[in-house]
Amino acid sequence: MAIFIDENTRVMVQGITGNQGTFHTKQMLAYGTNIVAGVSPGKGGSMVEKIPVYDTVESAFLEYEPDAAILFVPAPFARDGVLETLSVGIKVIVVVTEGIPVHDAIEIIALARINGAVVVGPNTFGLISSGKCKLGIMPHQYYVRGPVGIVARSGTLSYEIVANLKEAGFGTSTAVGLGGDRVAGLSFIDVIREFEADSETELIVMIGEIGGTSEEEAAHYIKNNVKKPVIAYLAGKSAPPGKRMGHAGAIIERGQGTFQTKVQTLESAGVRVAELPFEVPYLVKEFLG
Amino acid sequence: MKLYEYMGKDLFAGVGIAVPWGKVVGDPLEAAGVFKEIGPAVIKAQVLTGKRGKAGGIAFVNNPREAQNEAARLLGMTIDGFKVDRLLVERKLHIESEFYLAITIDGTLRCPVVLASIRGGMDIEEVPPEFIVKYLVNPILGLRPFMAREICRRLELKDGLASEFSAVLFKLYRLFRERDAELVEINPLVLSEGRFIAADAKVTIDDDALFRQKDLVRVEERTVLEKKAYELGLAFVELDGDIAVMANGAGMAMATLDMIYYYGGRPANFLDAGGGAGMEQTAQALELLLATEPRVMMINIFGGITRCDDVANAFAKVKREKNIEVPVVFRLVGTNEEAGRKILNDIGVSTYRTMREAAQKAVELAR
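Residues numbered from 1 in each chain as written. Chains lettered and ligands numbered in written order. Predicted model: local features only at pLDDT ≥ 70, side-chain atom pairs only at ≥ 80, totals over all residues. Heavy atoms only, no water.

Q: What exactly am I supposed to notice about empty space enclosed by the protein here?
A: Rolled over the atoms, a probe sized like a water molecule indicates the empty space that remains. Tallying each qualifying case throughout the model produces 1 cavity of 30 Å³ or more. A volume near 60 Å³ is recorded for the largest cavity. Around the largest cavity sit His103, Ile106 and Glu107 of chain A together with Pro112, Pro139, Tyr173 and Arg177 of chain B, which together line it. Mapped onto the lining of the largest cavity, the elements with two or more residues apiece are α4 (102-114) of chain A together with α5 (159-178) of chain B. The element that contributes the greatest number of residues to the lining of the largest cavity is α4 of chain A, accounting for 3 residues. In terms of residue class, the lining of the largest cavity is built from 4 nonpolar, 1 polar and 2 charged. (1 Å grid on protein atoms, 1.4 Å probe; cavity = no way out; pocket = protein on both sides within 12 Å on 5 of 7 lines; lining within 4 Å. Points joined across faces, edges and corners; volume = space filled by probe spheres on them. Helix = DSSP H or I, 4+ residues; strand = E, 2+ residues; numbered from the N terminus. Nonpolar A, V, L, I, M, F, W, Y, C, P; charged D, E, K, R; others polar.)

Q: Explanation requested: the interface of chain A and chain B in the structure shown.
A: Many descriptions give the size of an interface as the accessible area lost when the pieces come together. Each partner contributes residues to the interface: chain A has 58 residues there, and chain B has 53 residues. Taken together, both faces of the contact between chain A and chain B bury some 4,100 Å²; the carbon and sulfur share is 62%. Contact with chain B buries area across many residues of chain A, yet His103, Thr156 and Arg254 of chain A alone supply 17% of it, more than any other trio. For the pair chain A and chain B, the number of links is 6 salt bridges. Glutamate 226 of chain B serves as the salt-bridge partner of lysine 243 of chain A, at 3.6 Å between the closest nitrogen and oxygen. Joining chain A to chain B, the criterion identifies 12 residue pairs in polar contact (both at pLDDT 80 or more). Looking at the side of chain A that touches chain B, the element that brings in the most residues is α4 of chain A, giving 10 residues. Of the residues belonging to the side of chain A that touches chain B, the class tally is 29 nonpolar, 14 polar and 15 charged. (Contact = heavy atoms within 4.5 Å. Buried area = accessible area lost by both parts, 1.4 Å probe. Salt bridge = Lys/Arg side-chain N within 4 Å of Asp/Glu carboxyl O. Polar contact = N/O pair within 3.5 Å; in protein donor to acceptor, adjacent residues only side chain to side chain.)

Q: Quick question: what am I supposed to make of the packing of helix α2 (residues 28-38) of chain B against helix α3 (residues 64-75) of chain B here?
A: Two packed helices can be described by the angle between their axes and the distance between those axes. Residues and elements named next belong to chain B. As a packed pair, α2 and α3 sit with axes 8 Å apart at the nearest point and diverge in direction by 145°. For α2 against α3, the interelement crossing comes out right-handed. Across from Pro28, Leu29, Ala31, Ala32, Phe35 and Lys36 in α2, the residues of α3 making contact are Pro64, Ala67, Gln68, Ala71, Ala72 and Leu75. Across the contact of α2 with α3, the residue classes tally to 10 nonpolar, 1 polar and 1 charged. (Axes fitted to C-alpha atoms, helices over the stretch in contact; angles between N-to-C directions. Left-handed = near helix turned anticlockwise from the far one by under 90°.)

Q: What am I meant to see in the packing of aromatic side chains here?
A: The description of an aromatic ring pair uses the distance of the two centres, along with the angle that the planes make with each other. The full count for this structure, using the stated rule, is 11 aromatic pairs over all chains. Geometrically, the ring pair formed by phenylalanine 165 of chain B and phenylalanine 196 of chain B is edge-to-face, given 5.7 Å between the ring centres and 75° between the ring planes. Linking phenylalanine 165 of chain B in helix α5 with phenylalanine 196 of chain B in strand β11 (residues 195-198), this pair joins segments that are 31 residues apart in sequence. Here the aromatic rings of phenylalanine 315 of chain B and phenylalanine 330 of chain B are separated by 5.2 Å at their centres, their planes lie at 90°, and the arrangement is edge-to-face. Remark: phenylalanine 330 of chain B occurs in strand β17 (residues 328-334) and phenylalanine 315 of chain B occurs in helix α9 (residues 308-322); sequence separation between them is 15 residues. Exposure remark for phenylalanine 315 of chain B: the relative accessible area of 1% places this residue in the buried category. By way of ring pairs, the aromatic residues Phe125, Tyr142 and Tyr159 of chain A together with Phe302 of chain B are connected into one cluster. (Phe/Tyr/Trp six-rings, centres within 6.5 Å; stacked < 30°, edge-to-face > 60°. Buried < 20%, exposed > 50% of the residue type's maximum accessible area, 1.4 Å probe, protein only.)

Structural data, given as structure tokens:
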């Protein structure tokens with residue numbers, strides 16, 4: 001088992017003919033992802049890495065019935081691209097695009113929920129079920145099968161921690177990037193709930209940061225619903241209030257989203273919080289020896 | 001992008017929300033001139049901070065002389081780091097009562113939220129929660145009459161007052177959506193002779209939506225360096241330490257700062273060169289950092305999409321052209337790590353494999 005995607009997932013790449021789309025299609029194929037079709041308006045009939053390209057999602061869907069999509073579509077067109085994908089009934093949609101207007105993100109996430117679909121992102125590195133399917137942009141050499149489920153708000157920091165874990169001998173079941181924007185399709189809770197039910201995952205690592213309250217809400221959920229051990233690392237301890245630290249969502253506003261509140265709430269829910277990123281494998285070792 | 005009060009009020013007026021009669025002025029004589037047109041007035045410093053009232057940035061004046069003197073005083077002020085160079089002179093309102101009304105985005109619940117209170121005129125953080133109505137708006141439905149009725153019921157507004165309030169609410173919601181706002185706030189929303197008037201305006205527009213808000217005047221609150229970084233597509237925040245930091249990825253950059261603090265150092269900035277930074281972007285980021293004249297520079301790259309050899313080549317290029325004198329601590333791992341390390345070693349720069357070693361070294365060098 002894995003969460004959201006596995007070796008049977010049939011993937012469609014939207015924006016496949018752009019630089020990013022083509023590069024990451026190649027990378028995903030190299031990891032073994034089953035990409036069946038690409039979409040790029042005006043480029044229908046061409047091929048990228050031997051993957052057939054269609055003008056519209058509907059035409060690609062009629063031919064291949066993909067069950068997951070990943071978007072490398074420029075921000076001004078991302079809303080339309082996601083709605084197009086929702087309209088054919090695809091249930092897992094990864095939005096890599098950064099800089100999508102927040103009102104657009106709210107709309108697509110709300111519509112996805114009504115349609116029973118999951119939006120991963122926006123502004124995410126995607127998700128990867130080790131050894132099975134990569135639907136994202138992470139450097140995949142660090143993702144080997146193992147018992148640790150990863151859920152993170154940031155990309156490179158999670159790669160760092162996954163690489164440290166691999167070096168210490170711990171692989172990952174699935175890693176999910178929530179995305180760095182102010183609103184995200186998935187919350188820590190959504191992913192932790194899946195990990196709790198996933199037979200492959202024995203321990204959960206959450207990688208959070210300042211801003212918003214999703215870590216705090218996760219803490220309340222964990223306290224009442226999660227039996228598997230949870231370890232957290234949070235970035236932004238030293239961030240000044242009122243400043244956006246790279247991610248649109250990484251900002252302390254009106255006293256909300258501080259590092260201290262997050263750590264306190266998580267610790268009182270029984271989550272072990274690592275002070276520095278390289279301490280995560282030591283904490284994992286305590287539980288998984 | 002935060003808007004000045006007078007800009008927010010222009011937007012309010014554009015959707016039909018009443019605002020006090022007023023004019024923007026840049027010198028004391030002009031302020032006196034406006035007084036002669038409108039009589040008793042309030043003069044308000046135009047700054048992008050909510051701390052204006054407490055800092056003495058608002059003055060009530062009763063004659064032209066007073067208007068001139070107070071305007072002169074306000075124009076010399078610096079409030080919360082913002083220098084005052086513009087004032088809004090407005091006709092003084094007859095206030096019956098003060099309300100609060102705002103619409104913003106609840107990031108966790110992923111929807112617009114209306115905040116309303118019959119206790120306006122003070123900091124909303126100081127209003128007891130039981131006096132604040134918080135109503136979540138289903139983003140697919142948008143604001144509907146039944147929602148407005150429920151908000152008015154919770155505020156205990158009746159009849160005429162309820163319909164007046166709802167009218168303002170609908171106009172404000174329209175503005176919120178059409179202008180891609182993250183926040184629209186009226187505090188206080190003044191009840192004056194039976195009608196509502198927006199005595200203040202706080203509007204923040206989503207930076208990511210500016211591409212489709214072309215007619216809005218751009219407001220700059222970034223420092224010179226932050227502005228330059230923004231134009232280069234880099235996320236950059238100036239801090240007050242002496243170790244310049246560059247990392248790829250926002251989370252990684254934050255974690256790097258945290259680690260520098262942990263070992264007793266002080267970072268000079270936050271700089272995310274991007275999770276997929278290429279050579280050109282890296283070179284520009286480096287040049288920006290050098291311009292801050294730090295004591296030490298720490299570069300923390302976890303190559304994923306970013307290739308270590310690209311970063312190393314960018315650094316070598318800048319070093320050739322700029323003659324970098326400050327000590328540089330380089331942490332380089334991941335994609336094409338070996339190639340990157342070799343390029344750096346060839347120009348006499350050593351690299352570290354872990355963030356910890358690099359951060360400790362940077363702090364040591366800064367001492």
